[in-house]
Amino acid sequence: MSGTTSGSGSGAARADIGKAKVKFLDRWHGMAYVEAGAGEVVLFVHGSLCDYRYWTPQIKGLSDRFEVVAPSLAHHWPRLPSSLGMPFSIIQHTEQLAAFIAKLQAPRVHLVGHSRGANVAWQLAIRHADLIDSLTLVDPSGPRQGGDPDEEIDDATVALRQYAVDLIEGGDVDEGLRMFVDSVSRPGFWDRSTPAFRDMARDNALTLGPQIADPLKPLYEIDARGMRRPVLLVDGERSPMRYRRNAEALARWLPNAERYTVRGASHGMTGTHSAVFNRELARFITSVRSTLGEPGAVQRLDE
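This one's a predicted model, so the numbers in the text were calculated from it and none came from an experiment.

Visitor: Outline the environment of Leu49, supporting the account with residue identities and numerical values.
Guide: Tracing the sequence through the fold places Leu49 in the loop between strand 3 (41-45) and helix 2 (56-62). Judged by relative accessible area, which is 0%, Leu49 ranks as buried. For Leu49 and Ala205, which are 156 residues apart along the polypeptide, the C-alpha to C-alpha distance reads 6.2 Å.

Right, dumping it as structure tokens:
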């Protein structure tokens, strides 16, 4: 999640990034998305309470160098009718995204995922490596093999988040969102977030219940060891420790990866530090052709 999407409300965000399109995956199912620019395709996968609008700083900031594509996963705004009756799950979103990529006029894409979206992107890279040229995971989420017990969500937090869902489903949407967002970020985050982010979260509030019921997929060393695509791991210097430890572990396990820490940034660094993030992502993608297959993990810290 990020509280820094540009614009002041849903309409403003849509105006910034153009009109959405729908790509049909089959006769009955489609995905809403926005695209801009030309060149190698960079495809962005949003996280919880978000949709394609989350990537506004990247759509605006990178479309002069790449073709940037940002879809909304099933059940997320604008919630196409084809979402109805579809399960809400990491695997469903993974396979839907794979079908979407297969429909693009590109042999492969550079895949970028944030938070829960990074969990989806990781699953896609494991299951459909032939669809991607590179993978970027931003504050990757999910239980990690060998993770520390103190990283596990305690019973009180689980109960608090379920109460947040109950509030949302009972009609007290803002209070439920405030409770949930502050629990996964920092106290006061919801009240400090931009109007555009709050509008986006409200539009996606009803995805929170099914999301909580669908656990994130674990990150296993064996999967990482078998990854043959170049991987960029991005974390914020002030991001919650569980994300940073995931990035650290994946940097050790992956045969062809580098890690970049954005100084002074937390979980929403794609918005708060969009210039730095966009610069580093562009550098990585541009270098992929020459670095493909070169082993070793490198950590860099934003100066």
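Visitor: Outline empty space enclosed by the protein, supporting the account with residue identities and numerical values.
Guide: Under the counting rule described, the total for this entry stands at 1 cavity of 30 Å³ or more. Space inside the largest cavity adds up to approximately 60 Å³. Forming the walls of the largest cavity are 13 residues, and the residues nearest its centre are Ala32, Ser72, Leu73, Ala74 and Leu80. Sorting elements by how many residues they give to the lining of the largest cavity places strand 2 (residues 30-36) first, with 3 residues. The residue inventory of the lining of the largest cavity, partitioned by class, reads 6 nonpolar, 6 polar and 1 charged.

Visitor: Describe the nonpolar core, listing the residues and the values that go with them.
Guide: Grouped together as the largest cluster of nonpolar side chains are 46 residues, with contacts concentrated most on Phe44 and Val112. The biggest single contributor to this core is helix 13 (residues 274-291), with 7 residues. Excluding anything up to four places from it in sequence, Phe44 contacts Trp55, Gln58, Leu62, Val68, Val69, Ala70, Pro71, Val112 and Leu281.

Visitor: How would you summarise the pairing of strand 8 (residues 256-262) if you had to cite specific residues and measurements?
Guide: The buried count for strand 8 comes to 7 of 7 residues, which makes it a mostly enclosed element. Burial of the side chains of strand 8 extends over both faces: Asn256, Glu258, Tyr260 and Val262 are buried on one face and Ala257, Arg259 and Thr261 on the other. Taken together, strand 7 (residues 231-236), helix 11 (residues 241-253) and strand 8 constitute a β-α-β crossover, and its handedness is right-handed.

Visitor: An account of the packing of aromatic side chains is requested, with residue identities and associated values reported.
Guide: Applying the stated criterion to the full structure yields 6 aromatic pairs. Consider the rings of Phe189 and Phe197, whose centres lie 6.3 Å apart with planes at 90°: the pair is edge-to-face. Classification of Phe197 by relative accessible area gives buried; the value is 0%. Here the aromatic rings of Trp190 and Phe197 are separated by 6.3 Å at their centres, their planes lie at 65°, and the arrangement is edge-to-face. Grouping residues by exposure puts Trp190 and Phe197 together as buried. Members of the aromatic cluster, joined through ring pairs, are Phe44, Tyr54 and Trp55.

Visitor: With reference to specific residues and values, describe the packing of helix 5 (residues 155-169) against helix 6 (residues 173-184).
Guide: Geometrically, a packed helix pair is captured by the angle between its two axes and the distance between the axes. One can describe the packing of helix 5 onto helix 6 by two numbers: an axis separation of 7 Å at closest approach and a directional angle of 155°. Considering the angle they form, helix 5 stands roughly antiparallel to helix 6. Note that helix 5 runs across helix 6; the crossing there is left-handed. Of helix 6, the residues touching helix 5 (which contributes Leu160, Arg161, Tyr163, Ala164, Leu167 and Ile168) are Val173, Glu175, Gly176, Leu177, Met179, Phe180, Ser183 and Val184. Partitioned by chemical class, the residues of the contact of helix 5 with helix 6 number 10 nonpolar, 2 polar and 2 charged.

Visitor: Give a detailed account of the pattern of salt bridges, specifying residues and quantitative values.
Guide: Inspection of every chain in the model, using the stated rule, returns 18 salt bridges. In this structure, Arg263 and Glu237 form a salt bridge, with 3.9 Å as the shortest nitrogen-oxygen distance. Note that Arg263 is positioned in the loop between strand 8 and helix 12 (269-272) and Glu237 in the loop between strand 7 and helix 11, a separation of 26 residues in sequence. By relative accessible area, Arg263 is classed as partly exposed at 36%. Looking at Glu237, the relative accessible area reads 31%, which means it is partly exposed.

Visitor: Which residues make up the side chain of Arg244, and what values go with them?
Guide: Residue position: Arg244 is located in helix 11. The exposure class assigned to Arg244 is buried, which follows from its relative accessible area of 17%. When neighbours within four sequence positions are excluded, Arg244 is seen to be in contact with Asp235, Gly236, Glu237, Ser239, Arg259 and Thr261.

Calculation rules
- Residue numbers restart at each chain and count upward from 1, following the sequence in its written direction.
- Owing to the predicted nature of the model, reporting of local features is limited to residues with pLDDT of at least 70; listing and counting of side-chain atom pairs is limited to 80 or more, with chain, interface and lining totals taken over all residues.
- Water and hydrogen atoms play no part in the side-chain values, which are based on all heavy atoms of the structure.
- Helix and strand assignments come from DSSP, with helices taken as H or I runs of at least 4 residues and strands as E runs of at least 2, each series counted from the N terminus.
- Think of it in three bands: residues with accessible area under 20% of the maximum for their type are buried, residues over 50% are exposed, and the middle band is partly exposed, with areas taken using a 1.4 Å probe on protein chains only.
- Using a grid of 1 Å spacing that covers the protein atoms alone, one calls a set of points a cavity when a 1.4 Å probe fits there but cannot get out, and a pocket when the set is open and has protein on both sides within 12 Å along at least five of seven lines; lining residues are those with an atom within 4 Å of a point.
- Grid points are joined across faces, edges and corners, and a volume is the space filled by probe spheres set on the points.
- Charged means Asp, Glu, Lys or Arg here, nonpolar means Ala, Val, Leu, Ile, Met, Phe, Trp, Tyr, Cys or Pro, and polar covers whatever is left, Gly included.
- By nonpolar core we mean a set of buried residues, namely Ala, Val, Leu, Ile, Met, Phe, Trp, Tyr and Cys, connected to one another through side-chain atoms within 4.5 Å.
- We call two residues in contact when some of their heavy atoms are within 4.5 Å.
- Here the term right-handed applies to a crossover when the path leading from its first strand over the helix to its second strand runs clockwise, the strands being oriented away from the viewer.
- Stacked, edge-to-face and tilted labels apply to pairs of Phe, Tyr and Trp rings (six-membered ring for Trp) whose centres lie within 6.5 Å, assigned for plane angles under 30 degrees, over 60, and everything in between, in that order.
- A fitted line through C-alpha atoms represents every axis, and for helices the fit uses only the stretch in contact; the resulting angles, taken between N-to-C directions, go from 0 to 180 degrees.
- For classification purposes, angles smaller than 35 degrees are called roughly parallel, those larger than 145 roughly antiparallel, those between 65 and 115 roughly perpendicular, and all remaining angles oblique.
- When the near helix sits turned anticlockwise from the far one by under a right angle, the crossing is termed left-handed; a clockwise turn instead gives a right-handed crossing.
- A side-chain nitrogen of Lys or Arg and a carboxyl oxygen of Asp or Glu constitute a salt bridge if their distance falls within 4 Å.

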